[in-house]
Amino acid sequence: MSDTPLSDVMSEYAETKAPESYERFLSLFRTSTVGIVATGAPVHATDGHFIADGNLGAGRTTHGDGRPRVLAYADPEAALRNFGPRFNAGVSGEVLLQIAATDPECEGILVNSAIREISLIIGKPTAQSPLAPAATDAPDRRSWWKRWGA
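Residues numbered from 1 in each chain as written. Predicted model: local features only at pLDDT ≥ 70, side-chain atom pairs only at ≥ 80, totals over all residues. Heavy atoms only, no water.

J.: Would you explain the overall build of the protein chain in this entry?
T.: Each helix and strand in the protein chain was counted, giving 6 helices and 10 strands. Sorting the 150 residues of the protein chain into buried and exposed places 40% on the buried side. Of the contacts formed within the protein chain by residues at least 6 apart in sequence, a portion of 66% connects residues at least 24 apart. Just so you have it, the protein chain exposes about 8400 Å², and 52% of that area is on carbon and sulfur atoms. (Helix = DSSP H or I, 4+ residues; strand = E, 2+ residues; numbered from the N terminus. Buried < 20%, exposed > 50% of the residue type's maximum accessible area, 1.4 Å probe, protein only. Contact = heavy atoms within 4.5 Å. Areas by Shrake-Rupley, 256 points an atom, 1.4 Å probe, with all protein chains shown as cover.)

See the structure below:
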């Protein structure tokens, strides 16, 4: 895992538009914890942790072009310091990619930087790409979240 903040890689891509920068962003996003606006409520498990009961979801936005995307905040601690509490939960980028990839009404993810007022979009085809082999390996695996409108 890298010590490079996700927002730094986002800034690099925003400045260079180099495909390698976007690939580095995606790679780091997958392994990072990002902030989301969780909807629904988790259930307290017996081991002291919280689990989803089928009603937990990730908030979306239509900012920009009007297409619905999951809203995410890079580098949650820095985002809280710089912009205040805009989200109420953290989730791994890999999980968020799965949410965006499998939600039929979602067009991808809008990731907001924690250090600059920039955002990057991860489109649905990109979110779906790492899932292709996994989908056949574990067809009965249940997600921790509920799809919108389900």
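J.: How should I be thinking about the side chain of Ser 113 in this particular structure?
T.: With respect to the helices, strands and loops of the structure, Ser 113 is situated in the loop between strand S9 (108-112) and strand S10 (119-123). For Ser 113, the side chain forms a polar contact with the side chain of Ser 7, separated by 3.4 Å. Residues contacting Ser 113, with those up to four places away along its chain left out, are Ser 7, Met 10, Ala 74, Phe 83 and Ile 118. (Polar contact = N/O pair within 3.5 Å; in protein donor to acceptor, adjacent residues only side chain to side chain.)

J.: Got a minute to help me understand the packing of aromatic side chains in this structure?
T.: Enumeration according to the criterion identifies 4 aromatic pairs in this entry. Centre to centre, the rings of Tyr 13 and Tyr 22 are 5.3 Å apart; their planes meet at 55°, and the pair counts as tilted. One exposure class covers both Tyr 13 and Tyr 22, and it is buried. Feature note: the residues Tyr 13, Tyr 22, Phe 25 and Phe 29 constitute an aromatic cluster, connected by ring pairs. (Phe/Tyr/Trp six-rings, centres within 6.5 Å; stacked < 30°, edge-to-face > 60°.)

J.: Just checking my understanding: could you explain the environment of Leu 120 for this structure?
T.: Mapping Leu 120 onto the fold places it in strand S10. The sequence separation of Leu 120 and Tyr 22 amounts to 98 residues, and the corresponding C-alpha distance is 9.3 Å. Beyond its immediate stretch of four places on either side in the chain, Leu 120 contacts Met 10, Tyr 13, Phe 25, Ile 109, Leu 110 and Val 111.

J.: Sorry, what's going on with the environment of Tyr 13 here?
T.: If you trace the backbone, Tyr 13 turns up in helix H1 (residues 6-16). Given the relative accessible area of 18%, Tyr 13 is considered buried. Taking the C-alpha atoms as reference points, Tyr 13 and Glu 23, 10 residues apart in sequence, are found 9.3 Å from one another. The residues contacting Tyr 13, other than those within four sequence positions of it, are Ala 18, Ser 21, Tyr 22 and Leu 120.

J.: Would you mind going over the confidence of the model for the protein chain with me for this structure?
T.: Atomic detail in the predicted coordinates should be set aside for any region of low pLDDT. Considering every residue of the protein chain, the mean pLDDT works out to 82; 77% of them sit at 70 or more. Below pLDDT 50 for its whole length, residues 132-150 participates in 23 contacts with residues either more than four positions away or in separate chains. (pLDDT = per-residue confidence, 0-100.)

J.: For this particular structure, what's the right way to read the pairing of strand S1 (residues 33-36)?
T.: It is a general feature of regular strands that their side chains alternate between the two faces of the sheet. Examined bridge by bridge, S1 and strand S8 (residues 89-92) share 4 bridges and lie antiparallel to one another. Looking at S8, one finds that Ile 36 is bridged to Ala 89. As paired strands, S1 and strand S7 (residues 69-73) are joined by 2 bridges and run antiparallel to one another. Residue pairing for S7: Gly 35 is matched across the bridge by Tyr 73. (Pairing = 2+ DSSP bridges.)

J.: What is the right way to read the pattern of salt bridges from this model?
T.: A side chain of one charge can pair with a side chain of the opposite charge if their charged atoms are brought near each other. Throughout the structure, instances matching the rule amount to 6 salt bridges. Measuring nitrogen to oxygen at the nearest pair gives 3.0 Å for the salt bridge that ties Glu 15 to Arg 116. One end of the pair, Glu 15, is in helix H1; the other, Arg 116, is in the loop between S9 and S10, and 101 residues separate them in sequence. Residue classification places Arg 116 among the partly exposed residues on the basis of a relative accessible area of 32%. In this structure, the salt-bridge partner of Arg 69 is Asp 65, at a minimum N-O distance of 2.9 Å. Judged by its relative accessible area of 45%, Asp 65 is partly exposed. (Salt bridge = Lys/Arg side-chain N within 4 Å of Asp/Glu carboxyl O.)

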